[in-house]
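Structure at a glance
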Amino acid sequence: MGMHIIGHFRTITRHRNIVLLHCIKAGIPWRGLMHDLSKYSPTEFLPGARFYSGTHSPTEEERREYGCSYAWMHHKGRNKHHFEYWTDYSMAIHGLAPVKMPLVYVIEMFCDRVAASKVYLGSRYVDRCPLDYFLRGHDHLKMHPETKELLGTLLSMLAEKGEKETFRYIRKELRPQKTY
C-alpha cells in the first residue's frame, strides 16, 4: 500500500502540473491552479491509492469492486470541468439532461483530457491520442451537443495542427468570445 500511496500521489500531481501548464497556455491560469484539488481529499485520495495501478484511472478498479466509484461521484460533483457535473432535471423529458458548459470549463476539460492522455500513455502519446479517446466514447457521452461539438473541434485541431496552434486559438480567438 505504501508504494501505491506514493505512486498515486505522483500520478495525480504530475497530471495536475500538466493541466496547470496547459491552462496557462490557454489563458486560464486560475483554473489550472484550482484543478483537481479534491483529489487530495481523503474521500478521493484513499480509494485512489488503494486502487492505483499507474496505467489507468483507479476509479475503474473501484467500480469493479463496488459496482460504482464513490471517489468519482465525489470528484465530478465538485469539479466543473467534468461534463457529468453539468446535468440537471429537465421538465421537458422528466429526467436528467446535459446542460451546456460555460466556455472556461470546456477549455479546462480540454486541458484535462490532453494531460490525462500524456500521463497514462507516456512515451506513446501523440497529439491525436486525446481525439481518438474522445471518438471511441463519443456516441455514448451524455454531453450537451454544443459542448461536445466544441470539445471535438479543439481535440481535432490539436490532432491536426498541434499544441502551439491550438492553445494560440483558444487564447486569442476563442476565449475573447466568452461563449460558444
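Residues numbered from 1 in each chain as written. Predicted model: local features only at pLDDT ≥ 70, side-chain atom pairs only at ≥ 80, totals over all residues. Heavy atoms only, no water.

Some details on the pattern of salt bridges
This is how it is decided: For salt bridges, the criterion is a side-chain nitrogen of Lys or Arg within 4 Å of an Asp or Glu carboxyl oxygen. The secondary structure listing takes helices from DSSP runs of H or I that are at least 4 residues long and strands from runs of E that are at least 2 residues long, numbered from the N terminus. Each residue's exposure class comes from its accessible area (1.4 Å probe, protein chains only) as a fraction of the maximum for that residue type: buried when under 20%, exposed when over 50%, partly exposed otherwise.
Tallied over the full model, the rule gives 10 salt bridges. Salt-bridge contacts for Glu-65 lead to Arg-50; the nearest nitrogen and oxygen are separated by 2.8 Å. Taken together, the residues Glu-65 in helix H4 (residues 58–66) and Arg-50 in helix H3 (residues 42–50) connect sequence positions 15 residues apart. For Glu-65, a relative accessible area of 43% puts it in the partly exposed group. Under the relative-accessibility criterion, Arg-50 is labelled partly exposed at 40%. Here Lys-118 makes a salt bridge to Glu-163, at a shortest N to O gap of 2.4 Å. With Lys-118 in helix H6 (residues 103–121) and Glu-163 in helix H9 (residues 163–174), the pair connects residues that are 45 residues apart, well separated along the chain. Like Glu-163, Lys-118 is buried. Several salt bridges share partner residues, and in doing so they unite Lys-25, Lys-118 and Glu-163 into one network.

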